Amino acid sequence: MTKTYRQGQILKLIRARRIATQDELAQELAKQGIAATQVTLSRDIRDLRLVKTREGYKEIEPEEAGPAFNLLAGEFLHDVLLAQNLVVLRTSPGHANSVAVALDSENWPEVVGTIAGDDTILLVAPDNPTAEAVQEKLLAMLEKS
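About the thresholds
- Residues numbered from 1 in each chain as written.
- Predicted model: local features only at pLDDT ≥ 70, side-chain atom pairs only at ≥ 80, totals over all residues.
- Heavy atoms only, no water.
- Salt bridge = Lys/Arg side-chain N within 4 Å of Asp/Glu carboxyl O.
- Helix = DSSP H or I, 4+ residues; strand = E, 2+ residues; numbered from the N terminus.
- Buried < 20%, exposed > 50% of the residue type's maximum accessible area, 1.4 Å probe, protein only.
- Phe/Tyr/Trp six-rings, centres within 6.5 Å; stacked < 30°, edge-to-face > 60°.
- Lys NZ or Arg CZ within 6 Å of the ring centre and 35° of its normal.
- Pairing = 2+ DSSP bridges.
- Axes fitted to C-alpha atoms, helices over the stretch in contact; angles between N-to-C directions.
- Contact = heavy atoms within 4.5 Å.

Peer 1: Hey, could you go over the pattern of salt bridges for me, with residue numbers and the actual values?
Peer 2: Across all of its chains, the model carries seven salt bridges by this definition. Of the charged contacts in the structure, one is a salt bridge between R15 and E59, with a shortest N-O distance of 2.8 Å. Residue R15 is found in helix α1 (residues 3-16), and its partner E59 is found in strand β2 (residues 56-59); the two are separated by 44 residues along the sequence. Look at R15 and you get exposed, because its relative accessible area is 56%. Residue K31 pairs with E28 through a salt bridge whose shortest N-O separation is 3.1 Å. With a gap of three residues between them, K31 and E28 both fall in helix α2 (residues 22-31), about one helical turn apart. Residue class for E28 comes out buried when judged on its relative accessible area of 14%. Taken together, the shared-partner salt bridges connect R17, E24, E28 and K31 into one network.

Quick look at the structure:
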């Protein structure tokens, strides 16, 4: 099975029915004989430009601008923790991927990358001082909202 095939099946699933979580998506793929890890699904969701809405995962057209990170962070971000050069963002259940996609589109130079689960985002910074600065920046955003 190729990445292209798996992603095609993901698109078919979200177009046909409401898929609310990555776990539900993994279960639906498994019914079709397609195994996928959370990391694989996170990448597929990002590559396919899917965002999580209250109605489940939806596609964003390439020309559409996704919701701004500060808007999503203000609504769904709850906590920002630090672990060396890693910053852990906790969101409302089911909203980590949308927040991570919006953060990735911000192209912050201090962010090497993100990995999103259901309610947690792991943000990788190049070093500890940069991670601390990112944490402070995010906590300041939380205080404003």
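Now that the structure has been shown, we can carry on.
Peer 1: Please give an account of the packing of aromatic side chains that cites residues and values.
Peer 2: What the rule picks out here adds up to one aromatic pair. Lying across the ring of W108, K137 places its NZ or CZ 3.8 Å from the centre.

Peer 1: An account of the sheet that holds strand β3 (residues 77-83) is requested, with residue identities and associated values reported.
Peer 2: Spatial ordering of the open sheet is given by β3-β4-β6-β5, a layout of four strands whose pairing is antiparallel. The open sheet terminates on both sides in strands that have one partner only, identified here as β3 and β5 (113-116). Strand-to-strand twist in this sheet, taken as the mean axis angle between neighbours without regard to direction, amounts to 20°. Lying on the sheet, helix α4 (residues 69-76) is in contact with β3 and β4 (86-91); it crosses β3 at an angle near 100°. Along the sheet, helix α5 (residues 96-106) contacts β4, β5 and β6 (120-124); its crossing angle with β5, the most-contacted strand, is approximately 170°.

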